[in-house]
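# Descriptive analysis of the structure
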Amino acid sequence: SLKDTFTLSNGVQIPCVGFGTYLTPDGETAVSSVIEAVHAGYRHIDTAAVYGNEKSVGKAIRKCGTDRKELFITSKVWNSAQGYETTLHAFDKTLSDLELDYLDLYLIHWPIPRKHDDDWQQLNRETWRAMEKLYREGRVRAIGVSNFKPRHLDALLEKADIAPMVDQIELHPGMPQDETVEYCRARDILVEAWGPLAQGRLFESVELDVLAAKHRKSVSQIVLRWHLQRGILPLPKSITPSRIVENAQLFDFELSPQEMNFITHIKCESSGLDPDTFRM
Ligand code: NAD
């Protein structure tokens, strides 16, 4: 079930599917969709300061009727806040917007932070030093990164006291990210998939329709199952109650190795956001 977990390198259990909230409008939509998700069984919510909906996510957490301790809440430090003091400040703001007294997971959102700033390695390290402090103080149960390729992780690991426990990257059929997945697996870093449904672009695939029909499942369910069977934690997003429920029903069927391989190689465009060039 959605209460099944992966275990992070520090022993923390992370519920195996996270509920995405990117582009979820702040206000009633964010509150009701997160409550809907918890009622459907999700125990893991993925947000970020830059999504602008942390206040509503926090409200949903208080209203959903499930104990805070049973939920796993992730947020991320945005690019403009990278640096030591600025990250500590951004974390305080995130906690106060969410009205929580700890986070389960805090991530560096992107590896390359500022326009005109080529010294990204140094800035990432300062940000990481702040993440380590927050972790040591027990204000966050796990720390990690997002959109980091092996070379970004190499630079960070070289100077880190504490290794990241998670790397959240764009990953979906047609973009299986084998290199980063293998790199992370070798270092006990859990890979989370953002855009697990390729942000909707997957639904144009006729081949996936055929495979889904064979299992009497939807394309979305087939693809989310593919993530789980690869040992990847998907973060599907929806604000539609029926789809929120649908995306949670992944545990009553299994894909064969041939089907897994077939899904891996489906043709599907990536978002085009490249961590090596993305600067905002
Ligand atoms: P996604 O792959 O989850 O796709 C979401 C889209 O698919 C929605 O527009 C929805 O309409 C559609 N959809 C969802 N379920 C469906 C279903 N059952 N049937 C038909 N259509 C369905 O894309 P995403 O939201 O970009 O990514 C997921 C989450 O990952 C985000 O919400 C966010 O939390 C996180 N994220 C992180 C980063 C990052 O830089 N770290 C970037 C993007 C997203």
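Residues numbered from 1 in each chain as written. Predicted model: local features only at pLDDT ≥ 70, side-chain atom pairs only at ≥ 80, totals over all residues.

Looking at an unreviewed UniProt entry, one finds the chain named Aldo/keto reductase, with Alistipes hominis as its source organism. Recorded in UniProt for the chain, the comment headed Sequence similarities (unreviewed entry) runs: "Belongs to the aldo/keto reductase family." (UniProt positions renumbered as here; feature names shortened; annotations may be inferred.)

### Section: the overall build of the chain
From N to C terminus, the chain includes 10 helices and 10 strands. The C-alpha atoms of the chain give a radius of gyration of 18 Å, which matches the 19 Å a tight globule of 280 residues would have. Principal-axis analysis of the C-alpha atoms places the extent of the chain at approximately 55 × 40 × 35 Å. In the chain, which comprises 280 residues, the proportion classed as buried is 46%. Looking at the chain alone, contacts between residues at least 24 apart form 74% of all its contacts between residues at least 6 apart. (Helix = DSSP H or I, 4+ residues; strand = E, 2+ residues; numbered from the N terminus. Rg over C-alpha atoms; globule rule 2.2 N^0.38 Å. Buried ≥ 20, exposed ≤ 12 C-beta atoms within 10 Å, placed from the backbone. Contact = placed C-beta atoms within 7 Å.)

### As for the nonpolar core
Counting 58 residues, the largest nonpolar core has Val34, Tyr106, Val166 and Leu190 as the members making the most contacts within it. Setting aside residues no more than four positions away along its own chain, Tyr106 makes contact with Ser75, Val77, Phe91, Met131, Leu134, Val140 and Ile143. Among the nonpolar cores identified, the runner-up in size contains 12 residues, and Leu197, Ala198, Ile222 and Leu224 belong to it. (Core = buried A, V, L, I, M, F, W, Y, C linked by C-beta atoms within 7 Å.)

### Here's the deal with the site of the ligand
As a structural note, the neighbourhood of the ligand is formed by 25 residues, with Gly20, Tyr22, Trp194, Leu197 and Lys237 the closest of them. Here the residues of the shell around the ligand are counted per class, giving eight nonpolar, 13 polar and four charged. (Near = placed C-beta within 6 Å. Nonpolar A, V, L, I, M, F, W, Y, C, P; charged D, E, K, R; others polar.)

### Side note on the packing of helix H3 (residues 84–98) against helix H4 (residues 120–136)
When two helices pack together, their arrangement is given by the angle between the helix axes and the distance between those axes. Remark: H3 packs on H4, axes separated minimally by 7 Å, with the N-to-C direction vectors making an angle of 45°. Considering the angle they form, H3 stands oblique to H4. The way H3 lies across H4 gives a crossing that is right-handed. Listed contacts from H4 to Tyr84, Thr87, Leu88 and Phe91 of H3 are Glu126, Thr127, Arg129, Ala130, Met131 and Leu134. (Axes fitted to C-alpha atoms, helices over the stretch in contact; angles between N-to-C directions. Parallel < 35°, antiparallel > 145°, perpendicular 65-115°, else oblique. Left-handed = near helix turned anticlockwise from the far one by under 90°.)

### Let's talk about the pairing of strand E5 (residues 72–77)
Judged by how many residues are buried, E5 sits mostly within the fold: six of six residues are covered. Side chains Phe72, Thr74 and Lys76 project from E5 onto one buried face, and the interleaved Ile73, Ser75 and Val77 project onto a second face that is buried too. For the handedness criterion, the β-α-β arrangement of strand E4 (residues 44–46), helix H2 (residues 54–63) and E5 is classed as right-handed. Summarising the sheet, E5 and strand E6 (residues 103–108) pair through four bridges and their orientation is parallel. When the bridges of E6 are listed, Thr74 appears paired with Leu105. Between the parallel elements E5 and E6, the chain passes through H3 in a crossover that is right-handed. (Right-handed = clockwise from strand over helix to strand, strands pointing away. Pairing = 2+ DSSP bridges.)

### A look at the environment of Ser205
Take Ser205: it is sitting in the loop between strand E9 (190–194) and helix H7 (206–215). Since 20 C-beta atoms lie within 10 Å of it, Ser205 is described here as buried. For the pair Ser205 and Lys267, spaced 62 residues apart in sequence, the C-alpha separation works out to 8.1 Å. When sequence neighbours within four positions are dropped, the list of residues in contact with Ser205 reads Ile266 and Cys268.

### What about H4?
Taking 1.5 Å as the rise per residue, H4 with 17 residues should run 24 Å; its terminal C-alpha atoms sit 24 Å apart, in good agreement. In the core, the buried residues of H4 are packed alongside E5, H3, E6, strand E7 (140–146) and helix H5 (150–159). Directly after H4, the chain includes Gly138, whose backbone phi takes a positive value near 75°. (Expected span 1.5 Å × (residues − 1).)

### Brief notes about the confidence of the model for the chain
Averaged over every residue, the pLDDT of the chain is 95; residues scoring 70 or more account for 98%. Model confidence for the complex: the whole-complex pTM is 0.97, and ipTM, which rates the interface, is 0.99. (pLDDT = per-residue confidence, 0-100.)

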